[in-house]
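# Observations on chain architecture
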Amino acid sequence: MSSNAHEALRVLVAAFEEHLAAVIARRGDEDATVDEAYDALADAFDRYEAVLDVELGETLPMIADDDEELDDEELDGHAEEDEDELDDDLDDFELS
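Below, the structure is looked at part by part. Everything quoted here is computed from the prediction, not taken from an experiment. (Residues numbered from 1 in each chain as written. Predicted model: local features only at pLDDT ≥ 70, side-chain atom pairs only at ≥ 80, totals over all residues. Heavy atoms only, no water.)

Moving on to the overall build of the protein chain. Secondary structure assignment for the protein chain yields 3 helices and 0 strands. Put simply, the protein chain has 96 residues, and 16% of those count as buried. Of the roughly 7900 Å² of accessible surface on the protein chain, 49% is carried by carbon and sulfur atoms. (Helix = DSSP H or I, 4+ residues; strand = E, 2+ residues; numbered from the N terminus. Buried < 20%, exposed > 50% of the residue type's maximum accessible area, 1.4 Å probe, protein only. Areas by Shrake-Rupley, 256 points an atom, 1.4 Å probe, with all protein chains shown as cover.)

Have a look at this one:
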C-alpha cells in the first residue's frame, strides 16, 4: 500500500474513533460535536476511497451517504423511524 493510502487509512480510523467518542459523549439530540465528527468521518472516507481508486485502482465494498444525490427523507442516518409507520408498511406487505 502506498504511503498516501496508509495515511488516508490512518486518518479514516482516527475519524471513526472520534465519531464513536462524540456519540458516546453526546449531550442531546442537537449536539454539534456529533455532527462535526460525522462530517469529518464522511470526508475521511471519501479521501481514502479516492486514494485507493487513483493510486491503486481499487474500490471499496460500500458507499458513503451522498447528501447531493439523496433527499433527507430518503436517507438520514440520524432520523428515527416512526414505529406506527413501520407497522403499517408491514401490514401492506404480503408473502405469496
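Time to look at helix α2 (residues 32-56). With 25 residues, α2 should cover 36 Å at 1.5 Å per step; its first-to-last C-alpha distance of 35 Å lies within 8% of that length. By the burial criterion, the buried members of α2 are V34, A37, L41, A44, F45, Y48, V51 and L52. Against the buried residues of α2 lie α1 (3-24). Near the N-terminus of α2, the side chain that reaches the backbone nitrogen of T33, with its oxygen 2.9 Å away, is that of D31. A positive phi of about 65° marks G57, the residue just after α2. (Expected span 1.5 Å × (residues − 1). Contact = heavy atoms within 4.5 Å. Polar contact = N/O pair within 3.5 Å; in protein donor to acceptor, adjacent residues only side chain to side chain.)

Shape descriptors only; they carry no functional weight alone.
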